Amino acid sequence: SNHLITVTVLHKPSKTVFNDDCLLYVDRGNMQPVLRMVSRVASLFSRLLQPGIRFHPSLMGPGLYHTGEAPLQFQRSMERLLEWDFENLCTAHNGNCIGTAKE
């Protein structure tokens, strides 16, 4: 079985969270070439490419252990993350959310 492994770091002076692979920030401005290509592909990809913060698509499949506790453990870790004092999110995929990462 697979489990989503991620590294999340808070840089306190800049109030910035750096995340490697669990969160994606889709910025429409950075996606124009991809959106043109994906416009002919399944609607699932279209929804994934809507602007905003998303979880990595592996959460829909093998991203969590197949146990009853795994979804709740993941939820708790995301709740703890939201307790951090941050405004910005830098992700490994597509873009960075500056100033409004908790909205």
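The preceding data block contains the structure.
Summary of the structure given here. (Residues numbered from 1 in each chain as written. Predicted model: local features only at pLDDT ≥ 70, side-chain atom pairs only at ≥ 80, totals over all residues. Heavy atoms only, no water.)

**Observations concerning the sheet that holds strand β6 (residues 96-97)**
Here is step 1: Pairing in this open sheet of 4 strands is mixed, and the strands run β1-β2-β5-β6 from one edge to the other. Edge positions in the open sheet fall to β1 (8-11) and β6, since each of these has one partner strand only.
Here is step 2: Bridge count between strand β2 (residues 16-19) and strand β5 (residues 88-91): 4 bridges; the pairing is parallel. Looking at the pairing, F18 lines up with C90 of β5. (Pairing = 2+ DSSP bridges. Helix = DSSP H or I, 4+ residues; strand = E, 2+ residues; numbered from the N terminus.)

**Some thoughts on unusual backbone geometry**
Here is step 1: Residue K15 is not a glycine yet carries a positive backbone phi of 55°.
Here is step 2: Here K15 is to be found in the loop between β1 and β2.
Here is step 3: For K15, a relative accessible area of 27% gives the class partly exposed. (Buried < 20%, exposed > 50% of the residue type's maximum accessible area, 1.4 Å probe, protein only.)

**A short note on the nonpolar core**
Here is step 1: Counting residues in hydrophobic clusters, the biggest one holds 13 residues, and the most contacted among them are L81 and L89.
Here is step 2: If you list the elements that add at least two residues to this core, you get β3 (23-26) and α3 (70-83).
Here is step 3: When residues in this core are grouped by element, the largest group, 4 residues, is from α3.
Here is step 4: Apart from the residues lying within four places of it in its own chain, the contact partners of L89 are V17, N19, L23, I53, G95, N96, C97 and A101. (Core = buried A, V, L, I, M, F, W, Y, C linked by side-chain atoms within 4.5 Å. Contact = heavy atoms within 4.5 Å.)

**Some details on the packing of aromatic side chains**
Here is step 1: Tallying each qualifying case throughout the model produces 1 aromatic pair.
Here is step 2: For the pair F55 and F74, a centre-to-centre distance of 5.3 Å together with 70° between the ring planes defines the contact as edge-to-face. Taken together, the positions of F55 in strand β4 (residues 52-55) and F74 in helix α3 put the pair 19 residues apart, joining distant regions of the chain. (Phe/Tyr/Trp six-rings, centres within 6.5 Å; stacked < 30°, edge-to-face > 60°.)

**Some points on the pattern of salt bridges**
Here is step 1: The tally for this structure, following the rule as stated, stands at 2 salt bridges.
Here is step 2: The partner of D85 in a salt bridge is K15, with the nearest N and O atoms 3.4 Å apart. With D85 in the loop between α3 and β5 and K15 in the loop between β1 and β2, the pair connects residues that are 70 residues apart, well separated along the chain.
Here is step 3: For E87, the salt bridge is made with K15, and the minimal N-O distance between the two is 3.9 Å. One end of the pair, E87, is in the loop between α3 and β5; the other, K15, is in the loop between β1 and β2, with 72 residues separating them in the sequence.
Here is step 4: Overall, E87 belongs to the partly exposed group, its relative accessible area being 38%.
Here is step 5: Sharing partners across several salt bridges, the network here consists of K15, D85 and E87. (Salt bridge = Lys/Arg side-chain N within 4 Å of Asp/Glu carboxyl O.)

Nothing here speaks to function; it is geometry throughout.
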